[in-house]
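Residues per chain are reported as follows:
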Amino acid sequence: MAKVAKTNVARLLDKAKIDYELIPYKVDENDLAATHVADELGEDIATVFKTLVLTSGPGHFFVCVIPGDKEVDLKKAAKAAGVKKAEMLPMKELLPLTGYIRGGCSPIGMRKPFPTFFHSTANDYQTIYVSAGVRGLQLRIAPADLINYVGATATDLIKD
């Protein structure tokens, strides 16, 4: 197996002495959906989480990490963040704000720390997958370790 190049995410976790595993997968530029990632990994989509950046107005941002086949409930996300309303960050703002591109956005190592919320089902699994910060590489990690590391809160974030 080819050696996987360490991402900034992996270096941050190494520094914090947190156990994780980097899992490469084949990228399909036409299908960046988490369902494709889960299929490539041969894993249950419920364990493959996507990282979404939301805004509640100019200069106010927060992060929601939810199961890959679910949709974020903007009302629940706003409530979790303690704001009146929330909307998805426009795609063109993702890279300048976070340092990550669509399909490679990780809850770890963004340019600035943002309030972060995980959907509560993350804690139902021994390990979950999130992006390792680049397309084609996932991070397998214990949800409690990840949630603690990024200072996140676990709550209900998805549409029923």
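Above this text sits the structure in question.
For the structure given in this document, a descriptive report is provided here. (Residues numbered from 1 in each chain as written. Predicted model: local features only at pLDDT ≥ 70, side-chain atom pairs only at ≥ 80, totals over all residues. Heavy atoms only, no water.)

## Observations regarding the layout of surface pockets
Taken as a whole, the largest pocket holds about 570 Å³ of empty space. Residue lining of the largest pocket: 28 residues in total, with Lys50, Thr51, Leu52, Arg102 and Gly103 positioned closest to the centre. Mapped onto the lining of the largest pocket, the elements with two or more residues apiece are α2 (34–41), β2 (49–57), α4 (91–98) and β6 (128–131). When residues of the lining of the largest pocket are assigned to their parent elements, the largest contribution, five residues, is made by β2. By volume, the second largest pocket is sized at about 170 Å³. Together, Leu12, Val63, Pro107, Ile108, Gly109, Met110, Lys112, Pro113, Phe114, Thr116, Tyr149 and Val150 line the second largest pocket. Of the residues belonging to the lining of the second largest pocket, the class tally is nine nonpolar, two polar and one charged. (1 Å grid on protein atoms, 1.4 Å probe; cavity = no way out; pocket = protein on both sides within 12 Å on 5 of 7 lines; lining within 4 Å. Points joined across faces, edges and corners; volume = space filled by probe spheres on them. Helix = DSSP H or I, 4+ residues; strand = E, 2+ residues; numbered from the N terminus. Nonpolar A, V, L, I, M, F, W, Y, C, P; charged D, E, K, R; others polar.)

## As for the environment of Thr155
Looking at the secondary structure, you find Thr155 in strand β8 (residues 153–155). Assessed through its relative accessible area of 26%, Thr155 is described here as partly exposed. C-alpha of Thr155 to C-alpha of Thr121: the two residues are 34 residues apart in sequence and 8.4 Å apart in space. Among residues more than four places away in sequence, those in contact with Thr155 are Ala80, Phe117, Phe118, His119 and Ser120. (Buried < 20%, exposed > 50% of the residue type's maximum accessible area, 1.4 Å probe, protein only. Contact = heavy atoms within 4.5 Å.)

## As for the sheet that holds strand β5 (residues 116–119)
With mixed pairing, five strands are arranged side by side in an open sheet as β4-β2-β3-β5-β8. Across the chains shown, the open sheet's two edge strands, defined by having one partner strand only, are β4 (87–88) and β8. (Pairing = 2+ DSSP bridges.)

## Here's the deal with the sheet that holds strand β1 (residues 21–24)
The antiparallel open sheet is built from three strands, whose spatial order is β1-β7-β6. Unpaired on one side and paired on the other, β1 and β6 mark the two borders of the sheet. Taken pair by pair, the neighbouring strands of this sheet meet at an average axis angle of 35°, ignoring direction. In terms of strand pairing, β1 meets strand β7 (residues 137–141) through four bridges, oriented antiparallel. Across the sheet, the residue bridging to Leu22 is Leu139, located in β7. (Axes fitted to C-alpha atoms, helices over the stretch in contact; angles between N-to-C directions.)

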